[in-house]
Amino acid sequence: MAEEKKGLEDLKEVVAPAGAEPAAAEEPVVAEPQIDEFNRAYATGKRKNAVARVWIKPGAGKVTVNGRDEEKFFARPVLRMILRQPFQAADRDGQYDVMCTVSGGGLSGQAGAVRHGISRALVRYEPTLRPLLKKGGFLTRDSRVVERKKYGKPKARKSFQFSKR
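Thresholds applied
- Residues numbered from 1 in each chain as written.
- Predicted model: local features only at pLDDT ≥ 70, side-chain atom pairs only at ≥ 80, totals over all residues.
- Heavy atoms only, no water.
- Phe/Tyr/Trp six-rings, centres within 6.5 Å; stacked < 30°, edge-to-face > 60°.
- Buried < 20%, exposed > 50% of the residue type's maximum accessible area, 1.4 Å probe, protein only.
- Helix = DSSP H or I, 4+ residues; strand = E, 2+ residues; numbered from the N terminus.
- Core = buried A, V, L, I, M, F, W, Y, C linked by side-chain atoms within 4.5 Å.
- Contact = heavy atoms within 4.5 Å.
- Pairing = 2+ DSSP bridges.
- Axes fitted to C-alpha atoms, helices over the stretch in contact; angles between N-to-C directions.
- Expected span 1.5 Å × (residues − 1).
- Bend = angle between axes of the 7 residues up to and from the residue.

J.: How should the packing of aromatic side chains be read in this particular structure?
T.: Two measures describe an aromatic ring pair: the distance that separates the ring centres and the angle between the ring planes. Taken as a whole and assessed by the stated rule, the structure comprises four aromatic pairs. Ring geometry for phenylalanine 73 against phenylalanine 74: centres 4.9 Å apart, planes inclined by 80 degrees, an arrangement best described as edge-to-face. Side by side, phenylalanine 73 and phenylalanine 74 carry an identical accessibility label, which is buried. Between tyrosine 96 and tyrosine 125, the aromatic rings sit 5.4 Å apart at their centres with planes inclined by 75 degrees, giving edge-to-face as the arrangement. Taken together, the positions of tyrosine 96 in strand E5 (residues 96–103) and tyrosine 125 in helix H4 (residues 107–125) put the pair 29 residues apart, joining distant regions of the chain. Considered together, tyrosine 96 and tyrosine 125 belong to a single accessibility category, that of buried residues. Through pairs of rings, three or more aromatic residues link up here, namely Phe87, Tyr96 and Tyr125.

Here's what the structure looks like:
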């Protein structure tokens, strides 16, 4: 009843039986679109302390933030440009309506959160866009946040003026 000792060569036979060809490169599995009953895709985007809940659906390209147009909510053109980046990278500008609610942080952080949410919602609506948006860095949450203030200092790293005497 002594068991045989098996080496690495024996394990190769267990994984791939003798005479069998190595498995051909399988096609990558593409995820199914995650669309609700209203034909929308939902995602959450985050940046600094801002959190954005984003819904996208096919439309004329209208963006609504907290019930207001994007021109009213994000007055600076740079912030509106940040919102459009995922659509331009995916070549889908003007094809989706965006409805989102944003809370926390300042305007810059909120624009980044909406961009992150739009990117994730696009991937949920069209999973084939994932490699393109991933390469552009739109799916990665920007983890940079403000450093906390330290005791004995006026800010995080700034020191009071040094006096020798």
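J.: Can you help me understand the nonpolar core in this one?
T.: Where a protein is soluble and globular, its nonpolar side chains tend to be buried together. Ile56, Phe74, Val114, Leu122 and Leu133 are the most contacted members of the largest nonpolar core, which has 31 residues in total. Elements represented by at least two residues in this core include exactly strand E1 (41–47), strand E2 (50–58), strand E3 (63–65), helix H3 (77–89), E5 and H4. Every residue in contact with isoleucine 56, bar those within four places of it in the chain, is listed here: Asn39, Arg40, Ala41, Tyr96, Asp97, Val98, Ala121, Leu122 and Tyr125.

J.: Sorry if this is basic, but what is going on with unusual backbone geometry here?
T.: Apart from glycine, the bulk of residues carry a negative phi angle, and the bulk of peptide bonds sit in the trans form. Phi at asparagine 39 takes a positive value of approximately 65 degrees, unusual for a residue other than glycine. Checked against the element boundaries, asparagine 39 lands in the loop between helix H1 (8–15) and E1. The class for asparagine 39 is partly exposed, based on a relative accessible area of 38%. The backbone of asparagine 66 sits at a positive phi, close to 50 degrees, despite the residue not being glycine. Of note, asparagine 66 is situated in the loop between E3 and strand E4 (68–69).

J.: What should I look at first to understand the sheet that holds E4 in this one?
T.: Sheet architecture is open: five strands sit in the order E1-E2-E5-E3-E4, paired in mixed fashion. What marks the edges here is a single partner per strand, and that holds for E1 and E4. One ladder, built from seven bridges, connects E1 with E2; its direction is antiparallel. Bridge pairing in E2 places arginine 47 opposite alanine 50. Here H4 sits on the sheet in contact with E1, E2 and E5, set at roughly 145 degrees to E1.

J.: Explain the pairing of E1 here, please?
T.: Regular strands place side chains that alternate from one sheet face to the opposite one. With burial as the criterion, only one face of E1 is covered, namely that bearing Ala41, Ala43, Gly45 and Arg47; the residues Tyr42, Thr44 and Lys46 on the opposite face remain uncovered. The hairpin turn running from E1 into E2, its antiparallel successor, is two residues long, and lysine 48 in that turn takes a positive phi close to 50 degrees.

J.: I keep staring at H3 and nothing clicks. Help me out?
T.: Working note: α-helix, 3.6 residues per turn, so residues spaced by three or four point in the same direction. Given a rise of 1.5 Å per residue, 13 residues ought to cover 18 Å, and the 18 Å separating the end C-alpha atoms of H3 matches this to within 8%. Roughly 35 degrees is the biggest bend found in H3, and it falls at leucine 83, with proline proline 86 one to four residues downstream. Buried within H3 are the following residues: Leu79, Ile82, Leu83, Arg84, Pro86 and Phe87. Here the buried face of H3 lies against E3, helix H2 (70–73), E5, H4 and helix H5 (130–136). The first or second residue beyond H3 is aspartate 91, which carries a positive phi of 60 degrees.

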